[in-house]
Amino acid sequence: MFSKKFILAALVFWVLSILVACSANSANSDNEKKEDNDNKQKAEIVYASAKDINDMNPHFYTGSMPAQGMVYESLVENTEDGIKPLLAKSWEISEDGRVYTFHLRKDVKFHDGEPFNAEAVKKNIEAVQNNAEKHSWIKLSTKIESVNVVDEYTVELVLSETYYPTLVELSMTRPYVFISPKDFMNGGTKAGVEGFHGTGPYILTEHKTDQYATFEANEDYWGGSPKVKKITSKVLPAGETTFLALKKGEVNFAFTDDRGTDSLDVEAMNQLVDSGDYQLVRSEPMNTKMIVANSSKSDNPVSETAVREAIWYSIDRKTITEDILSGTETVAYTLFSPNVNYADVDLKKRGYDLEKAKEILEEAGWTLEDGDEVRTKDGNKLAMKLYYDSNSSSQKTQAEFIQASLKGIGIQLEIIGEESTSIANRRSTGDYDLLFNQTWGLAYDPQSTIAAFTSKVSYLHTTSGIAKADELYKKIEQVMVSTDEETRKSLYADILKIVHDEAVFIPISNGSITVIAPKNLKGISFKQTQFELPFEQMFFE
Amino acid sequence: MRIFKNLSKDKLATISVTVIVVTIIVGLFAPFFAPHDPNQVNMSLRYASSSWEYLLGNDHLGRCILSRIIYGIRPSVLWVLVALFISVLIGAVLGFLSGYFRGKVDAFIMRVCDIMLSFPGYVMTLAIVGILGVGLGNILIAFILVKWAWFARVIRTSVMQYSELEYVKFSKASGISDLKIIYKHLVPVTFSDIAVISSSSIGSMILQISGFSFLGLGIQAPNAEWGMMLNEAREVMFTRPELMLAPGLAIVIVVSAFNFLSDALQVALDPKLLNSKKRPQQKSPTTTVKIQKKEVAH
């Protein structure tokens, strides 16, 4: 028996010493780390990413957008001040708005040395058009009739009808970006590509699946070689692994990923900033984080407007933004915040009002029997499932918080955490009741997000179950081809009103991109899209 | 009776039994013991430290950690016990069948066991959870499906050992039915073996179920479970490390208690082991005397 006691005592002692050592360590490591950083001082960014960069084919949607944004470029760029030249230095639009003529830059080469010219543009756009089904969310893909080479550096895009967001959609990270035609497989990109040679400021040099990917500066970049010479994307699980890696200096950069997931929670970020080695940069509000309801799932209560409205009323957005998100995001009451184009529409404000939510449910026939916890109607339980991204700690907390307040009004909410890819898959197959999502950011809102209401891979399941679905789709069709600003305004107002009244998109907060970067990294800015960062503008001081 | 007498002499065993019994009672009557509703969200108390009203403080949603620990006993300990009981039952029935009847029955059951045992336990559990979906129930089903084979094999060996003894042969010769022999002559003698092997696997099962909940495969939110509480605390591991303490210690204490009990049970049930274990310490004359006394008492 003595030996057992001795072992127990030893064990306790061991645990205690570890605890003590840990707290002592953290003090030490701070100093060590500073030295480390001083030693490093090399112009290199290593960023942590929860996911691999995946297939970098720019005409597909599986790749990581920040990575694709470094390697590939589009004809034009979407900036705060509107559309600006990028690979095309100028363009003309015909009177009827059907023919776009682009004059390309002459000093651009693909990473493999191939010249970037009208022929390459034609081949790339045709490669995208050959796979039209995949690109149905981007309405331009259904409007392009032909691409013609006028001369070596002039290319003509002919549309079947006027389509006002053409330039905006051409400016997106994908699919209308350019990869060297030498990489094409069987004359296209549908079956995959042989290499990833774009025209962008960085070249993909090494990729180990699920480990890391290295990008090196493109010395021949037409805009001048970027100052940060090497960028590595390192796959690390979100949360404390990333936090530790940042503390140790294994990675030195982290940002909100393209699915809107922060890899660190707010407190951890603040702790890093307090340590003095890091800075926290937050963009302007860029998107709306929301819960998307599947209105087409007719066997589930979520297909009822009243239920969706009740959920809307029972979310305490103020507590979510102030306590769970520590004041880093602002409350959202509409699908698009009023500063988004065409979105300054007068809509009924639904605040946090549990009594109102109960009332709506009672009216809709969902009654609470004595002693029951869940409301029922015709023997059906008022029960739903909410899916969240398991990599996002704030989504889980929000989900639990909403679950608790819905329980209070007699709605049973089951919350399920899944990988972001699986959630995206659920969204496109319609296999969900409710799920966390976000609008696509300033460059895409409202036109692309709204166009996506009709796209099967995006929000078709969300919108197709509402009463006025046909009217909604007709209006979306109209707004995309209308040339008159006033008509467009009133059509957008109608569209937003329909989805607002039906409460299929339940807004929670206005989100932004957060970047954690070394203190001496300057020039951190944001693009209009929330999915990539302009790494080429950053430099170490 | 002898078992209890032996056990009560072992201090560690007494403490373990007390801990286990208290845990089980508190778990069974969780609503009486828990000071608050474990799922009551109160955001104003987010990450509050311990107070008289909330003895262990509050978690990321302002829920009472003590109440969650208490409610967590149910999935973490009680349901594990149920799963264990069922798999031991299945294992025992099959073990007795194959150990007693031998021949074809034995060969068939043992080949099935071989198949089950040829897969690593964790992989099998993950596969079953993958097929049936996540959730506590499915994990328990997976446990039962994975564990019975091991119990069946160990119990079979123990049965075989006794079924060869003279008095069993005599019973057979005098025409007593097989069922009665098993019930009257085999169950009582093998029971101690069963008790030891099952108590020794409780610890690992509790750890496994906490592990699966930690991975998010077990019980689903908002229900409390120790593994899941650890996972929730993990997210703020470096900002609020104290949140790991309560669920972590709960697991450590209960698992240790079960392991110590299983050790003690083994010694108590098998006096030979008691002696052999004591032998290296017989240097001091007092202990020798004690053991001699014990031997006399037996």
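See above for the structure.
All of these numbers come straight from a predicted model, not from anything done at the bench.

Q: Tell me about the interface of chain B and chain A, and please be specific about residues and values.
A: Contacts between the two partners involve 24 residues from chain B, matched on the other side by 24 residues from chain A. Three residues stand out in chain B for area buried against chain A, namely M43, E235 and F238 of chain B, and they jointly supply 25% of the buried area on that side. At the surface where chain B touches chain A, the tally comes to 3 salt bridges. Where chain B packs against chain A, one counts 5 residue pairs in polar contact (both at pLDDT 80 or more). At the level of elements, α10 (226-234) and α11 (245-269) of chain B are the ones that each hand at least two residues to the side of chain B that touches chain A.

Q: So, the pattern of salt bridges: which residues are in play, and what are the values?
A: What the rule picks out here adds up to 34 salt bridges over all chains. Between K122 of chain A and E126 of chain A there is a salt bridge whose closest N-O contact spans 3.0 Å. A residue pair is termed a helical-turn pair when its members lie 3 or 4 positions apart in one helix, as K122 of chain A and E126 of chain A do in helix α3 (residues 118-129) at 4 residues. The exposure class of K122 of chain A is partly exposed, given its relative accessible area of 22%. On the basis of relative accessibility, which here comes to 34%, the residue E126 of chain A falls in the partly exposed class. With its nearest N and O atoms 3.9 Å apart, the salt bridge here joins E541 of chain A to K522 of chain A. A residue pair is termed long-range when its members are at least 10 positions apart, and E541 of chain A in the segment after β25 (539-540) and K522 of chain A in strand β24 (residues 521-522) qualify at 19 residues. Owing to a relative accessible area of 29%, K522 of chain A belongs among the partly exposed residues under this scheme. The network of salt bridges with common partners includes K396 and E400 of chain A together with D59, R63, R68 and E232 of chain B.

Q: Hey, could you go over the pairing of strand β15 (residues 287-293) of chain A for me, with residue numbers and the actual values?
A: Residue and element names in this part refer to chain A. Counting buried positions along β15 yields 7 of 7 residues, so the element is predominantly enclosed. Here β15 shows a buried face lined by N287, K289, I291 and A293 and a second buried face lined by T288, M290 and V292. In terms of strand pairing, β15 meets strand β22 (residues 505-511) through 6 bridges, oriented antiparallel. Directly across from V292, in β22, lies its bridge partner F505. As paired elements, β15 and strand β21 (residues 434-438) share 5 bridges and run antiparallel to each other. Across the sheet, the residue bridging to I291 is F436, located in β21.

About the cut-offs
- Residues numbered from 1 in each chain as written.
- Chains lettered and ligands numbered in written order.
- Predicted model: local features only at pLDDT ≥ 70, side-chain atom pairs only at ≥ 80, totals over all residues.
- Heavy atoms only, no water.
- Contact = heavy atoms within 4.5 Å.
- Buried area = accessible area lost by both parts, 1.4 Å probe.
- Salt bridge = Lys/Arg side-chain N within 4 Å of Asp/Glu carboxyl O.
- Polar contact = N/O pair within 3.5 Å; in protein donor to acceptor, adjacent residues only side chain to side chain.
- Helix = DSSP H or I, 4+ residues; strand = E, 2+ residues; numbered from the N terminus.
- Buried < 20%, exposed > 50% of the residue type's maximum accessible area, 1.4 Å probe, protein only.
- Pairing = 2+ DSSP bridges.

Without other data, these values stay purely geometric and don't point to any function.
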